Amino acid sequence: MAGNTTNPALEPDTDSPIGPGLEFAQFGAGCFWGVELAFQRVEGVVKTEVGYSQGHVPDPTYKLVCTGSTKHAEIVRIQFDPSLCPYANLLAVFWDRHDPTTLNRQRGDVGTQYRSGIYYYNQEQARLAQETMEAKQKELKDKTIVTEILPAKRFYRAEEYHQQYLEKGGGQGSKQSAAKGCNDPIRCYG
């Protein structure tokens, strides 16, 4: 069989941040709308995008990911300035934003695309992810964390209507603030 047999969906994310000194982070913590808004509000986060990663199908669509057949997770990819926002700050938001003990679900959202995951870009991110997971596990005592910690794979940006969905008003037209430092409750709705 001739030709390239490499699956681009399984390759590392090789995109570059929009500016010098910025870094990427990827997190899966259930439906990406509310997770994205939580990260938008963090000082030092320069850009957020929602999309799909960790699956085996190149260029997946939301409809296809929702079937569960692609193995993608709904993720938020963050560009941040580590001099203003250490990676540990992002990990704190991640652990506080969702229940890392529920396998393939967050509240009413059920499916492998809603799994808990930290997808790292370098060994320092991997180390910090593991350390914070161990600390969170001690805090939770009798519940077992199911969060996966894996290298960041290729990021596929979700359809445009998903980007900054809650900030734009979501399905109900009720805009929510993405202002840095805002701590208004996040209301997730379709």
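Quick caveat: nothing in here was measured; it's all calculated off a predicted structure. (Residues numbered from 1 in each chain as written. Predicted model: local features only at pLDDT ≥ 70, side-chain atom pairs only at ≥ 80, totals over all residues. Heavy atoms only, no water.)

1. What about the overall build of the protein chain?
Next, step 1: The helix and strand tally for the protein chain stands at four helices and eight strands.
Next, step 2: Listing every helix and strand of the protein chain by position from the N terminus yields β-α-β-α-β-α-β-β-β-α-β-β.
Next, step 3: In terms of C-alpha radius of gyration, the protein chain reaches 16 Å, essentially the compact-globule figure of 16 Å for 190 residues.
Next, step 4: Overall, the protein chain is about 55 × 40 × 40 Å in size when its C-alpha atoms are taken along their principal axes.
Next, step 5: When the 190 residues of the protein chain are sorted by exposure, 47% land in the buried category.
Next, step 6: Carbon and sulfur atoms provide 53% of the accessible area of the protein chain, an area that totals close to 9400 Å². (Helix = DSSP H or I, 4+ residues; strand = E, 2+ residues; numbered from the N terminus. Rg over C-alpha atoms; globule rule 2.2 N^0.38 Å. Buried < 20%, exposed > 50% of the residue type's maximum accessible area, 1.4 Å probe, protein only. Areas by Shrake-Rupley, 256 points an atom, 1.4 Å probe, with all protein chains shown as cover.)

2. Examining the packing of helix 3 (residues 87-97) against helix 4 (residues 123-140)
Next, step 1: Viewed as axis vectors pointing N to C, helix 3 and helix 4 meet at an angle of 40 degrees, and their least axial separation amounts to 10 Å. Taken together, the axes of helix 3 and helix 4 are oblique relative to one another. Where helix 3 crosses over helix 4, the handedness of that crossing is right-handed. Residues Y87, L91, W95 and D96 of helix 3 form the contact with helix 4, whose participating residues are Q125, L128, A129, T132, M133 and K136.
Next, step 2: Looking at side-chain class alone, the contact of helix 3 with helix 4 contains six nonpolar, two polar and two charged residues. (Axes fitted to C-alpha atoms, helices over the stretch in contact; angles between N-to-C directions. Parallel < 35°, antiparallel > 145°, perpendicular 65-115°, else oblique. Left-handed = near helix turned anticlockwise from the far one by under 90°. Contact = heavy atoms within 4.5 Å. Nonpolar A, V, L, I, M, F, W, Y, C, P; charged D, E, K, R; others polar.)

3. Description of the nonpolar core
Next, step 1: Within the largest apolar cluster, 40 residues are counted, with the highest numbers of intra-cluster contacts made by F27, F39, I78, Y87, L90, L91 and I118.
Next, step 2: Those elements that provide at least two residues to this core are strand 1 (23-29), helix 1 (32-40), strand 2 (45-53), strand 3 (73-80), helix 3, strand 6 (116-120) and helix 4.
Next, step 3: Not counting residues within four places of it along the chain, the set of residues in contact with F39 comprises F27, V45, T48, V76, I78, L90, V93 and F94.
Next, step 4: Counting residues in each nonpolar core, the second largest holds five residues, with A73, I75, Y119 and A152 among its members. (Core = buried A, V, L, I, M, F, W, Y, C linked by side-chain atoms within 4.5 Å.)

4. Some words on the packing of helix 1 against helix 3
Next, step 1: Interaxial distance between helix 1 and helix 3 falls to 10 Å at its minimum, and their mutual angle equals 145 degrees. Crossing of helix 1 against helix 3: the hand is right-handed. Residues G34, V35, A38 and F39 of helix 1 pack against L90, V93, F94 and R97 of helix 3.
Next, step 2: Of the residues contributing to the contact of helix 1 with helix 3, the split by class is six nonpolar, one polar and one charged.

5. Considering the pattern of salt bridges
Next, step 1: Applying the stated rule across the entire model yields nine salt bridges.
Next, step 2: A salt bridge links R127 to E131; its shortest N-O distance comes to 2.6 Å. With R127 and E131 both in helix 4, this residue pair falls four residues apart, about one helical turn.
Next, step 3: According to the relative accessible area criterion, R127 is partly exposed, its value standing at 37%.
Next, step 4: Judged by its relative accessible area of 40%, E131 is partly exposed.
Next, step 5: Salt-bridge contacts for K136 lead to E139; the nearest nitrogen and oxygen are separated by 3.1 Å. With K136 and E139 both in helix 4 and three residues apart, the pair spans about one turn of that helix.
Next, step 6: Classification of K136 as buried rests on a relative accessible area of 12%.
Next, step 7: We classify E139 as exposed; its relative accessible area is 54%. (Salt bridge = Lys/Arg side-chain N within 4 Å of Asp/Glu carboxyl O.)

6. Observations regarding the packing of aromatic side chains
Next, step 1: Within the structure shown, the criterion is met by eight aromatic pairs.
Next, step 2: Here a set of aromatic residues connected by ring pairs shows up, and it is made of F27, F39, F80, Y87, F94 and W95. (Phe/Tyr/Trp six-rings, centres within 6.5 Å; stacked < 30°, edge-to-face > 60°.)

7. Notes on the environment of E36
Next, step 1: Considering the arrangement of structural elements, one finds E36 in helix 1.
Next, step 2: Judged by its relative accessible area of 1%, E36 is buried.
Next, step 3: Ignoring sequence-local partners within four residues, the contact set of E36 consists of T48, E49, V50, V76, H162, Q163, Q164 and Y165.

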